[in-house]
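Below, each chain spelled out in residue letters.
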Amino acid sequence: MTGRLEGKVAFVTGAARGQGRSHAVRLAEEGADIIAVDICEQLPQVTNDGSTPEDLKETIRFVEQLDRRIIATETDVRDLDTLTAAVADGVTQLGRLDIVVANAGIGSSGAVLHEMTPSRWQDTIDINLTGVWHTVKASVPHLIEGGRGGSIALTSSAGGLKGSRNIGHYIAAKHGVIGMMRTLALELGEYNIRVNAVCPTQVASPMLLNEWTYRVFCPDLEHPTKEDFAARSQGTHVLPTPWVECVDVSNAILFLASDEGRFITGVPLPVDAGNLIK
């Protein structure tokens, strides 16, 4: 099936690479034009290399190869004013807004909560929770004004539905996203705006596939490899895979944004290979 989003416009945060790029490209494949933002810089305390302006240009190239329009800017989701301006500019140029994908987020090195530094806690909450609220705040007026309803997908995590040691800042933010999603679904239903969350397990993206993650999962090994990590990660799943691919999450977002998901709202949708029942 193709053309499920023909004529629609989607706003995607964290779009320079990883899941965000995958979401932008997958929605474009189904006919959507794209408004894209990403901070495109290295952030302190983040465990993987940050996205770059070149990464965002590559996302632009992929979308344009599909003969879709894309308006992309380097924008920090913590800055409500610039984010609001980026969305408004995109809507002005592309004519409408129908789909919002609040994907931007970070993983950061952790500690047990009572020993975590305030800056590490705050950076994660500011990006992974407040940044999601900023995304919604900047976008919802355009969805309401359009009068056509719409779909909002917030990126939570399997960690938004259960606890995990040493990353309590991340877990708290992702639980907060679920609460935000449920509240927004109630508040926006009268406008036929559906709000859901995707809750992935480990995803094969730069946030996951890096040396810091390998060491977390393999603390007994001096120089753990991707293969060592894969074996440990596999043990967290029911299905025989160490992780899901970015496009698996994108396909869930596409389903929720399409007419196939027209009566689904308020749902935390796991894309987790059985992680949550393990």
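This text follows the structure it describes.
Read on for an overview of the structure. None of these values were measured; they are calculated from a predicted model. Residue indices begin from 1 for each chain and proceed along its sequence in written order. Local features in this predicted model are restricted to residues of pLDDT 70 or higher, and side-chain atom pairs are both shown and tallied only at a pLDDT of 80 or more, whereas totals for entire chains, interfaces and linings draw on every residue. With hydrogens and water excluded, all non-hydrogen atoms of the structure serve as input to the side-chain values.

### Overview of the nonpolar core
For step 1, the next point in the chain: What makes a nonpolar core is a set of buried Ala, Val, Leu, Ile, Met, Phe, Trp, Tyr and Cys residues whose side-chain atoms join them at distances within 4.5 Å. When accessible area is computed with a 1.4 Å probe and restricted to protein chains, residues below 20% of their type maximum are described as buried, those above 50% as exposed, and intermediate ones as partly exposed. Counting residues in each nonpolar core, the largest one holds 38 residues, and the members touching the most others are Phe11, Leu97, Ile152, Leu154 and Val195.
For step 2, the next point in the chain: Strands here are runs of E lasting at least two residues and helices are runs of H or I lasting at least four, both read from the DSSP assignment and numbered beginning at the N terminus. At the level of elements, strand 1 (9-13), strand 2 (33-38), helix 3 (80-94), strand 4 (99-102), helix 4 (118-146), strand 5 (150-155), helix 5 (168-188) and strand 6 (193-200) are the ones that each hand at least two residues to this core.
For step 3, the next point in the chain: When residues in this core are grouped by element, the largest group, 7 residues, is from helix 5.
For step 4, the next point in the chain: Only heavy atoms enter the contact rule, under which two residues are in contact if any of them lie within 4.5 Å. Apart from residues no more than four positions distant in its own chain, Ile152 is found in contact with Val100, Val136, Val140, Leu143, Leu188, Ile193, Arg194, Val195 and Asn196.
For step 5, the next point in the chain: Counting 27 residues, the second largest nonpolar core, distinct from the first, contains Ala10, Leu27, Ala153 and Cys246.

### Quick word on the sheet that holds strand 3 (residues 70-74)
Two modes of strand pairing occur in sheets, parallel and antiparallel, and in both the strands are linked by backbone hydrogen bonds.
For step 1, the next point in the chain: Should DSSP find at least two bridges between two strands, the strands are taken to pair. An order of 3-2-1-4-5-6-7 is seen for the 7 strands of this open sheet, with the pairing classed as parallel. With one partner strand each, in any of the chains shown, strand 3 and strand 7 (268-271) form the two edges of the open sheet. Put simply, the sheet's adjacent strands are angled 15° from each other on average, direction ignored.
For step 2, the next point in the chain: Of the strand pairs in this sheet, strand 1 and strand 4 are connected by 3 bridges, and their pairing is parallel. Note on strand 4: the bridge partner recorded for Val12 is Val101.
For step 3, the next point in the chain: In the packing of helix 4 onto the sheet, contacts are made with strand 1, strand 4, strand 5 and strand 6, and the angle to strand 4 comes to roughly 180°. The axes used here are C-alpha line fits, helices contributing only the stretch in contact, and every angle between their N-to-C directions lies in the interval 0 to 180 degrees.

### Regarding the layout of surface pockets
For step 1, the next point in the chain: Cavity and pocket criteria rest on a 1 Å grid covering protein atoms alone: a 1.4 Å probe that fits but cannot get out defines a cavity, protein on both sides within 12 Å along at least 5 of 7 lines defines an open pocket, and an atom within 4 Å of a point defines a lining residue. Grid points are joined across faces, edges and corners, and a volume is the space filled by probe spheres set on the points. By volume, the second largest pocket amounts to about 200 Å³.
For step 2, the next point in the chain: Gly is put with the polar residues, along with every residue not named as nonpolar or charged; the nonpolar set is Ala, Val, Leu, Ile, Met, Phe, Trp, Tyr, Cys and Pro, and the charged set is Asp, Glu, Lys and Arg. Residue classes in the lining of the second largest pocket are distributed as 2 nonpolar, 5 polar and 6 charged.

### Quick look at the pattern of salt bridges
For step 1, the next point in the chain: One side-chain nitrogen of Lys or Arg within 4 Å of one carboxyl oxygen of Asp or Glu is enough to make a salt bridge. Scanning the entire structure with this criterion turns up 13 salt bridges.
For step 2, the next point in the chain: In this structure, Arg4 and Glu30 form a salt bridge, with 3.5 Å as the shortest nitrogen-oxygen distance. One end of the pair, Arg4, is in the segment before strand 1; the other, Glu30, is in the loop between helix 1 (18-29) and strand 2, with 26 residues separating them in the sequence.
For step 3, the next point in the chain: Residue Arg4 is classed as partly exposed on the basis of its relative accessible area of 23%.

### Examining the side chain of Lys174
For step 1, the next point in the chain: Along the chain, Lys174 falls in helix 5.
For step 2, the next point in the chain: Counted charges follow a simple rule, with Lys and Arg positive, Asp and Glu negative, and His plus the chain ends left uncounted. Although Lys174 is buried, it forms no salt bridge, and the closest oppositely charged side chain is Asp38 at an N-O distance of 13 Å.
For step 3, the next point in the chain: Setting aside residues no more than four positions away along its own chain, Lys174 makes contact with Asn128, Thr155, Ser156, Ser157, Gly159 and Gly160.

### So, helix 3
Two residues of an α-helix separated by three or four positions point the same way, owing to the 3.6 residues in each turn.
For step 1, the next point in the chain: Working rule for helices: expected span equals 1.5 Å times residues minus one. Given a rise of 1.5 Å per residue, 15 residues ought to cover 21 Å, and the 21 Å separating the end C-alpha atoms of helix 3 matches this to within 8%.
For step 2, the next point in the chain: Of the positions making up helix 3, those classed as buried are Leu83, Ala86, Val87, Gly90, Val91 and Leu94. Within helix 3, the buried residues cover an arc of 130° as seen down the axis, which keeps them to one side. Helix 3 presents Asp81 and Thr92 as exposed residues on the side facing more than 90 degrees away from its buried surface.
For step 3, the next point in the chain: Of the surrounding elements, those touching the buried residues of helix 3 are strand 1, strand 2, strand 3 and helix 4.
For step 4, the next point in the chain: By the criterion applied in these results, polar contacts are pairs of N or O atoms within 3.5 Å in which, for protein atoms, one can donate a hydrogen and the other can accept it, and in which residues neighboring in sequence qualify only through two side-chain atoms. Where helix 3 starts, the residue carrying a side-chain oxygen 3.2 Å from the main-chain nitrogen of Asp81 turns out to be Asp79.
For step 5, the next point in the chain: Looking at the residues trailing helix 3, positive phi occurs at Gly95, about 95°. This arc corresponds to the set of directions leading from the helix axis out to the C-beta atoms.

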